[in-house]
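Listed below, chain by chain, are the residues.
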Amino acid sequence: MSQPRVSAVVLISGSGSNLQALLDTAASDLPLEIRAVISNRADAYGLERAAEACVPSRVLDHTRFPDRETFEAALAELIDGFEPELVLLAGFMRILTPEFVARYSGRMVNIHPALLPAYPGLHTHRRCLEAGDTEHGASIHFVTAEVDGGPVFLQVRVAVDEDDDADSLAARVLTQEHRLYPAAVRLLCEGRVRLHDGRVLLDGQPLAQPLQLEPAN
Ligand code: NHR
Ligand code: GAR
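Predicted model only: the values in this text are computed from it and were never measured.

Enquirer: Mind showing me how you'd approach the pairing of strand E8 (residues 193-196) here?
Expert: Every other side chain in a regular strand lies on the same face of the sheet, so the side chains alternate between the two faces. The pairing of E8 with strand E9 (residues 199-202) spans four bridges and is classified as antiparallel. Considered in E9, the bridge of Val193 is made with Leu202. Where E8 folds back on E9, the antiparallel hairpin that results is connected by two residues, among which Asp197 adopts a positive phi of roughly 50 degrees.

This is the structure we're talking about:
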């Protein structure tokens, strides 16, 4: 018997390759229904990916709003019109206010290209190389008011090569992100992972450390 699908809206700002990974797995073996893709940038390539997959998309250009609050009021109205259970940030580049985050508490997650709590914020690959780390990766976390500071529940680790530059490292991490996000969404769709009192529960038990996706062969 097929599982009931969990509905979602995906927020993007750019290429949308993580969106593509979600679209591809939703089409085959993930009980996820992507109801819409919303971009804050009209030129985001992810909008074409949505069209190709026959998923509705909307553009909400933040530069046309006087401040974050009015942008977010419009964003919330747009999201809520699709009545999603989940809101998935996939390369979404606008910081969200505490009020917006509270509205989707426990239902909104983000993929971040670093092994959080290391390197929140931007330019993570460059900062990892500058620090001389031997390991990098990506994390999935519930979105809270603290940017990239919400509880992490799944990570994937990537070895840093001696001759890596920020671009080569970013590309290898991104490839792993495309395995990571569908795996994280699967845990949410199956109801195995949830947020309770600011902590992650896995199968009803507090999660002491983020789960680690096994390395690809
Ligand atoms: N909002 C909240 N409240 N909490 C989080 O955890 C968030 C969030 C919004 C976005 C994604 C995040 C990432 O994975 C994310 C997590 C953008 C910036 C940023 O500085 C920081 C973190 C993330 C995304 N944005 C600039 C801003 O002023 C604009 C940068 C740009 O447009 O290029 O919003 O890394
Ligand atoms: C991904 O590496 C994602 O983790 C990162 O941007 C890339 C988006 O790629 N997200 C952030 O840096 C959020 N601030 P995509 O558009 O091809 O999915």
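Enquirer: Can you help me understand the site of ligand 1 in this one?
Expert: What surrounds ligand 1 is a group of 19 residues, the closest being Ile95, Leu96, Asn110, Thr144 and Asp148. A distance of 2.9 Å separates a nitrogen atom of ligand 1 from a polar backbone atom of Met93. At 3.0 Å from an oxygen atom of ligand 1 is found a side-chain nitrogen or oxygen belonging to His112. The pocket occupied by ligand 1, as judged from atoms lying within 2 Å of grid points, is the largest pocket. Looking at which element gives the most residues to the shell around ligand 1, the answer is strand E5 (residues 108-112), with three residues. Class assignment for the residues of the shell around ligand 1 results in ten nonpolar, five polar and four charged.

Enquirer: Teacher, can you tell me more about the site of ligand 2 here?
Expert: In the region of ligand 2, the neighbouring residues are Ser15, Gly16, Ser17, Asn18, Gly91, Phe92, Met93, Ile111, Pro113, Leu174 and Glu177. Taking Ser15, its side chain carries an N or O atom lying 3.4 Å from an oxygen atom of ligand 2. Protein chains shield 82% of the accessible area of ligand 2, which is 440 Å² for the free molecule. A molecule is said to occupy a pocket when more than half its atoms come within 2 Å of that pocket's grid points, and by this definition ligand 2 occupies the largest pocket. Counting only elements with at least two residues in the shell around ligand 2, the list comes to helix H1 (17-28) and helix H6 (166-189). Per-class residue counts for the shell around ligand 2 are five nonpolar, five polar and one charged.

What counts and what doesn't
Residues numbered from 1 in each chain as written. Chains lettered and ligands numbered in written order. Predicted model: local features only at pLDDT ≥ 70, side-chain atom pairs only at ≥ 80, totals over all residues. Heavy atoms only, no water. Pairing = 2+ DSSP bridges. Helix = DSSP H or I, 4+ residues; strand = E, 2+ residues; numbered from the N terminus. Near = heavy atom within 4 Å. Polar contact = N/O pair within 3.5 Å; in protein donor to acceptor, adjacent residues only side chain to side chain. 1 Å grid on protein atoms, 1.4 Å probe; cavity = no way out; pocket = protein on both sides within 12 Å on 5 of 7 lines; lining within 4 Å. Sits in = over half its atoms within 2 Å of the grid points. Nonpolar A, V, L, I, M, F, W, Y, C, P; charged D, E, K, R; others polar. Areas by Shrake-Rupley, 256 points an atom, 1.4 Å probe, with all protein chains shown as cover.

Read these as geometric descriptors, not functional statements.
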